[in-house]
Amino acid sequence: MAWVLLIIAGLLEVGWSIGMKYTEGFTKLWPSVFTGAGIVASMYLLAQAAKTLPIGTAYGVWVGIGAAGAAILGMAILNEPVTAARIFFVSLLLVAVVGLKATSGH
């Protein structure tokens, strides 16, 4: 169950990181409210997962999902540059997340 919570927390991190773009520096009410709620929910689920999983693994996977997801959505919906180098490094992030999961012992 901890892994499910951690994956959901990571996906929420993707959501709130992309959401920050739409808050315009937290000057728009509803995007700011949704982004803030996403931050709180993501942190809460990370904390719940960390009760069972090693913190280094939990935090690393959470950050990896968030960073890779934000980069992918940035390229897909925010018109950020799509280059071979960016795709390569996002792939490395995903490999690291899988590696942390595989070596966690849980």
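Residues numbered from 1 in each chain as written. Predicted model: local features only at pLDDT ≥ 70, side-chain atom pairs only at ≥ 80, totals over all residues. Heavy atoms only, no water.

(A) Representation of the overall build of the chain in the model. In terms of helices and strands, the chain carries four helices and zero strands. The linear arrangement of helices and strands in the chain, starting from the amino end, is α-α-α-α. For the chain, the spread of C-alpha atoms along the principal axes amounts to about 40 × 35 × 15 Å. Within the chain, buried positions represent 32% of all 106 residues. A separation threshold of at least 6 residues defines the contact pool for the chain, and within that pool the share at least 24 residues apart is 69%. Accessible area for the chain stands at about 6,200 Å²; split by element, carbon and sulfur atoms hold 76% of it. (Helix = DSSP H or I, 4+ residues; strand = E, 2+ residues; numbered from the N terminus. Buried < 20%, exposed > 50% of the residue type's maximum accessible area, 1.4 Å probe, protein only. Contact = heavy atoms within 4.5 Å. Areas by Shrake-Rupley, 256 points an atom, 1.4 Å probe, with all protein chains shown as cover.)

(B) Local environment of the packing of aromatic side chains. In total, this model carries three aromatic pairs according to the counting rule given. Aromatic side chains W30 and F34 sit 6.1 Å apart centroid to centroid with 35° between the ring planes, which places their arrangement in the tilted category. You can see W30 and its partner F34 sitting in helix α2 (residues 29-50), four residues apart, about one turn around the helix. When sorted by exposure, W30 lands in the same class as F34, which is exposed. (Phe/Tyr/Trp six-rings, centres within 6.5 Å; stacked < 30°, edge-to-face > 60°.)

(C) Up close: α2. With 22 residues, α2 ought to run about 32 Å at 1.5 Å a step, and its terminal C-alpha atoms sit 31 Å apart, in line with that. Within the sequence span of α2, burial applies to S32, T35, G38, S42, L45, L46 and A49. For α2, the buried positions fall inside an angular range of 165° around the axis, keeping them on one side. Projecting away from the buried face of α2 at angles above 90 degrees are the exposed residues L29, W30, V40 and Y44. On its buried face, α2 sits against α1 (2-23) and α3 (55-77). (Expected span 1.5 Å × (residues − 1). Arc of directions from axis to C-beta.)

(D) Seen up close, the packing of α1 against α2. Where α1 contacts α2, the axes come no closer than 8 Å and their chain directions differ by 155°. Taken together, the axis directions place α1 and α2 in an arrangement best described as roughly antiparallel. Handedness of the α1/α2 crossing: left-handed. Each of A2, L5, L6, I8, A9, L12, E13, W16, G19, M20, Y22 and T23 in α1 lies in contact with α2, whose residues at this interface are P31, S32, T35, G38, I39, A41, S42, L45, L46, Q48 and A49. (Axes fitted to C-alpha atoms, helices over the stretch in contact; angles between N-to-C directions. Parallel < 35°, antiparallel > 145°, perpendicular 65-115°, else oblique. Left-handed = near helix turned anticlockwise from the far one by under 90°.)

Honestly, it's all geometry; don't read function into it.
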